[in-house]
Structures are given as structure tokens and as C-alpha cells.
Amino acid sequence: MPMDSLEASAVDVLVIGGGNAGLCAAITARRAGARVLLLESATKHLRGGNSRHTRDIRYMHRGATEYVTGSYPEAEFWEDLRQVTGGDTNERLALQVIRSSEDLASWMQTQGVRWQKPLRGTLHLARTNLFMLGGGKAMVNAYYETALALGVKVAYQCEVRELDIRDGRFVAARGGAAEEFRARALVVAAGGFEANISWLKEYWGEAAENFVIRGTPYNQGRMLKELLRCGAKPTGNPRGCHAVALDARAPKFDGGIVTRLDSVPFGIVVNNKVERFYDEGEDFWPKRYAIWGGLIARQPDQIAYSILDAKALPCFMPSVFPPVEAGSIPELAAALALDPEKLTAVVERYNRAVRPGTFNPAVLDDCRTEGLEPPKSHWARPIDTPPFYGYPLRPGITFTYLGVAVDERARVIFQDERPAQNVFAAGEVMAGNILTQGYLAGFGLTIGAVFGRIAGQEAARCAAS
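Because the structure is predicted, anything quoted here is derived from the model rather than measured.

## Here's the deal with the overall build of the protein chain
Right, on to step 1. Along its length, the protein chain carries 12 helices and 20 strands.
Right, on to step 2. The C-alpha radius of gyration of the protein chain comes to 23 Å, within 12% of the 23 Å expected for a compact globule of 465 residues.
Right, on to step 3. Dimensions along the principal axes, computed over C-alpha positions, put the protein chain at roughly 70 × 45 × 40 Å.
Right, on to step 4. Counting only residues that meet the buried cut, the protein chain has 60% of its 465 residues in that class.
Right, on to step 5. Counting only carbon and sulfur atoms, one obtains 49% of the accessible surface of the protein chain, whose full area is about 17,600 Å².

## Section: helix α1 (residues 20–31)
Because an α-helix completes one turn every 3.6 residues, residues spaced three or four positions apart along the sequence face the same direction.
Right, on to step 1. Here α1 is 12 residues long and its end C-alpha atoms lie 16 Å apart, about the 16 Å a rise of 1.5 Å per residue gives.
Right, on to step 2. Of all the 12 residues making up α1, 10 are buried; the element is thus mostly covered by neighbouring parts of the structure.
Right, on to step 3. Listing the buried residues of α1 in full gives N20, A21, G22, L23, C24, A25, A26, I27, T28 and A29.
Right, on to step 4. Residues of α1 that are buried sit in contact with β1 (13–16), β2 (36–39), α4 (104–110), α5 (135–150), β10 (185–188) and α12 (443–464).

## Some points on the side chain of N422
Right, on to step 1. For N422, the location among the structural elements is in strand β20 (residues 419–425).
Right, on to step 2. A distance of 2.6 Å separates the side chain of N422 from the backbone nitrogen of F170, its partner in a polar contact.
Right, on to step 3. Excluding its chain neighbours within four sequence positions, the residues that come into contact with N422 are G168, R169, F170, R184, A185, L186 and C462.

## With respect to the sheet that holds β2
Right, on to step 1. Across the sheet, 6 strands lie side by side as β6-β2-β1-β10-β20-β19; this open sheet has mixed pairing. Two strands bound the open sheet, and with one partner strand each, they are β6 (153–155) and β19 (411–413). Here the average twist between neighbouring strands, direction ignored, is 30 degrees.
Right, on to step 2. Across 3 bridges, the pairing between β10 and β20 is parallel. Each bridged residue has a counterpart across the sheet, and for L186 the counterpart in β20 is V423.
Right, on to step 3. Of the strands in this sheet, β1, β10 and β20 touch α12, which is tilted by about 140 degrees from β20.

## A closer look at the sheet that holds strand β9 (residues 180–181)
Right, on to step 1. Spatially, β7-β8-β9 is the arrangement adopted by the 3 strands of the open sheet, whose pairing is antiparallel. Edge positions in the sheet fall to β7 (160–166) and β9, since each has one partner strand and no second.

## Topic: the pairing of β7
Right, on to step 1. When β7 meets strand β8 (residues 169–175), the two strands line up antiparallel, connected through 6 bridges. Along β8, the bridge assignment pairs V160 with G175.
Right, on to step 2. Linkage of β7 to β8, two consecutive antiparallel strands, is achieved through a turn of 2 residues, within which D167 is found at a positive phi near 55 degrees.

## Some points on the pattern of salt bridges
Right, on to step 1. Counting across every chain of the model gives 32 salt bridges.
Right, on to step 2. A salt bridge links E162 to R174; the shortest N-O distance between them is 3.7 Å. Within this pair, whereas E162 is found in strand β7, its partner R174 is found in strand β8, the two being separated by 12 residues in sequence.
Right, on to step 3. For E162, a relative accessible area of 36% translates into the label partly exposed.
Right, on to step 4. What makes R174 partly exposed here is its relative accessible area of 22%.
Right, on to step 5. Between D384 and K311 there is a salt bridge, with its nearest N and O atoms 2.9 Å apart. Placement of the pair is D384 in the loop between α11 (340–353) and β17 (388–400) and K311 in the loop between β15 (304–309) and β16 (324–326), with a sequence separation of 73 residues.

## Considerations on the nonpolar core
Right, on to step 1. Grouped together as the largest cluster of nonpolar side chains are 140 residues, with contacts concentrated most on V13, L14, L163, F443 and F451.
Right, on to step 2. In terms of residues, this core owes the most to one element, α12, which gives 12 residues.
Right, on to step 3. Once residues within four sequence positions are removed from consideration, F443 is found in contact with R58, F77, L81, V97, I434 and L435.

How each quantity is defined
- Every chain is numbered on its own, with residues counted from 1 as its sequence reads.
- For a predicted model such as this one, the threshold for reporting local features is a pLDDT of at least 70, and the threshold for listing and counting side-chain atom pairs is 80 or more; totals across whole chains, interfaces and linings nevertheless cover every residue.
- Working from all heavy atoms in the structure, the side-chain values ignore hydrogens and water.
- Only runs of H or I of at least four residues qualify as helices and only runs of E of at least two qualify as strands under DSSP, and these elements are numbered from the N terminus.
- Put simply, the radius of gyration uses C-alpha atoms, and a globule should come to 2.2 Å times the residue count raised to 0.38.
- Burial classification: accessible surface area is computed with a 1.4 Å probe over protein chains only, and a residue below 20% of its type maximum counts as buried, one above 50% as exposed, and the rest as partly exposed.
- Accessible surface is estimated by sampling points in the Shrake-Rupley manner with a 1.4 Å probe; for residues, cover comes only from the protein chains shown.
- What a helix should span is 1.5 Å times the count of its residues minus one.
- Two residues qualify as a contact provided that any one of their heavy atoms is within 4.5 Å of a heavy atom in the partner residue.
- Contacts described as polar in this section are N or O atom pairs within 3.5 Å, which, within protein, must combine one atom able to donate a hydrogen with one able to accept it, while residues neighboring in sequence count only if both atoms come from side chains.
- Note on pairing: DSSP must find at least two bridges between two strands before they are called paired.
- Fitted lines through C-alpha atoms serve as axes, helices being fitted only where they are in contact, and the angles separating the N-to-C directions of these axes extend from 0 to 180 degrees.
- By salt bridge we mean one thing: a side-chain nitrogen of Lys or Arg within 4 Å of a carboxyl oxygen of Asp or Glu.
- We define the nonpolar core as a collection of buried residues of types Ala, Val, Leu, Ile, Met, Phe, Trp, Tyr and Cys that are connected through side-chain atoms lying within 4.5 Å of one another.

Here is the structure:
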């Protein structure tokens, strides 16, 4: 939509960012009576940020429904989060997200989102997470349709480059071609800086050149940097990120969830020196999959290889790329450009360490290794049934954890600890308040939806005052 038709001067709430958090903010603010303009830096075809690559959302609930198999109470949700973060989280905000997630199933459905039962191979999420029918792109499309029907104005390919914030009060946002946007309140929901390789290199060095960005290339962190430049208080670990094991054949940007590999718990993983480097069966995959990107990032040349046999292949949802297949371990090593003698020795040593047990992917089973370093604590079975398979793995960054501090009302906190007067933040740009390390599957979307709604409500209230 051309900017001259937006009547930008008549805007109450300006939302920067057109993903899950920004759309939840825009819809909520509009329903509260505010005139809302949403700026999305992507084209209409690529709108929605990383949200269009999502698949499910974690939420608190009190019993089974048509779409989840049982309850997920607050105490269990909190304990899961406490474990993956090591307790390094803002407990007050974390509990606010958990408690406020309880009505997300019905609220999102009201905005046009539809649910489906989980697909086979989506490990251990059937009880805790809701799956969107059509995935994240269908969710984003439903949000946009609802927002437009309500009267939210949307401008695509509209990238804000500068914020004018004085004494904690938003004055204007400026883009290219001398565009200037003014509003009574601002919601920033423009994501992290995971697509900005130069910024990633400040914390990861040259290794960042080998990272794959599984989400949108538009998350350059410009609004995060602008908020920090204007005095917002930083929070979260600059080196922290939600990073998974991606198929190394994935495109540099925007490969999405179909390039993620969930094979790790069912085999072994070696680096290009043919050395195992972490316990592949440490815990349930939804509590560990987001550390594997960081683990691979610390390996030589930032590459690793998932090694499996025929027994393991049906246990997980495959990547969009087929595995490398061979009739023997030496042949598989040669196909992956690994040392055949070393890989044969590693597999034989691992097979000798496996102790008898009852294999069960649904529980932390008793299939484990003994006398092996690093150990494999669960789902350890000998790799002995041809054909054998391998996937090359790269660190795949989903989003970064450096953000700006906020309070319970989603107000941005400045370095003097005062909250902003009319500046709010939601989604990845503030997720570092809650996530400093580790991750729970589907929780980023939860943070975005909960704080998006809070930011929209508070921005509308602020604009009306």
C-alpha cells in the first residue's frame, strides 16, 4: 500500500514488525479502539518474519482436548523452563507468560487460526503444544486477514531505519525516501539480529560465516540497535540464541522448519575429526534440540554429521533433503568425506558400549551406554543394521537472545531503570528477558503472542490517555 494513502498522521499506535508479536499487538490495539499502522519490511509474499516458519505453540492447559493429549499445568511448564534456562530467567515475566498463555488456544482461534492433531514424528509435543493447521504461514495469513478486516493499515517493504525517542517518549520513526511516521504510541516487534552476519561475528567470530539462518533474512536487528542507541536497557546473552541442527544443504536464509533435523537422539553425531562431542540422548528432544546449533558452532569448521542405521530412520520426521545412504559404515564415511577407518572405529566403540534395554522414544528409556565418553544416556541402540545413513549438519540460527528490558506492561525499560512513556516491545526483541540459554519447543511463539497482546493493549491505552 502506498504511504500517501495511509494517513499516517492519524495513527494512534505504530507497530514495527509484521510477525506473530506485531500482529497480535496490532489486532489487540485495534480491538481496543486505536487507529493502527503496521510496518512490515518484507514484501507481502514474504511477510510474517520467522513466524511463518513455525509449526506449534506451547501453552498452559488443564486437560486433554481434541488437539492435545493431556494437561500441562503451570508448575510443570515452569519447571521445564527453569531446567532449560538453568534458572537464569526473569521469573516474574516468565510466570506471566505461562499464566497468560492459558487462553491462547481460544484467542488465536478467534483470530482465524485453526488447529490440527500433531503429526507423527513431532517428538514429545502431543501433550504440551498446539499445532497450527497449515503451519505458521497459515497462522500469519489468518492474522493479516483479521487485522485488515478490523481496519489495521499495513505497509509492506517499509523498513524503519531510525527512531526518534526523547526522554523516554517516542516522537517519530524514519525510513527511506524521507518517510516519517508519528503516532501516540510505538510497539517494536521487529525480531532479533540473527540475519545480520556482521553483528553475529562480534560474538561468534568468523564461525558465524558458516551459520545458516533458517528464518527470514529481514531480521537485521536494526530496531534493536536503535532502541539500544536511544538508551534502552539491554538484557539477555549477546551470544545466546535458539540454534538447531540444520541440514547443511539448506539455503543460507529462509529454509524454514523443513531443513531442521531431528535425527540426533536416534544415532550418534561426529565432527569432521570423526569425534563425538556431546550426549545425543541427554533429554527429550524438545528440551535439547535448540542447543545443538551452538554445539555444532563450536566444532571445527562448524560442521557435524548425524550417523544412523535402518532401525532409526522411521523414528523422526525427515528433513526435506534425503539422507546420504550406504551399505556399510566405511562406504558411508567416504560418501560424507569422513575418514572411513576413524568412523568405523567410533561406531564399533559406541556399539560395544551400548547396554541392553527397552527402546521407547516416548520416555527417557534405559537404553544407554556404559564406559563411553561422552555417554549416550537414552535411546542408545547399536548402529548395525544396513543400510546406513548420514546427514551433514550446520548450526541453524532461529533467533538471538540479546534484547531490551521490559516490565509486565511491555514497556521498554531505559538504563536509568525508568519505563518508557509510550514505547513497548514484544517478541524476539524482548525474549532475552526470559530466555538466556536453552529453549522449549514452541515457546518463542508463546512469548510473542502473550507480550504482543499486552503491548497492543497498553499502547492503545497510552494513546487514548
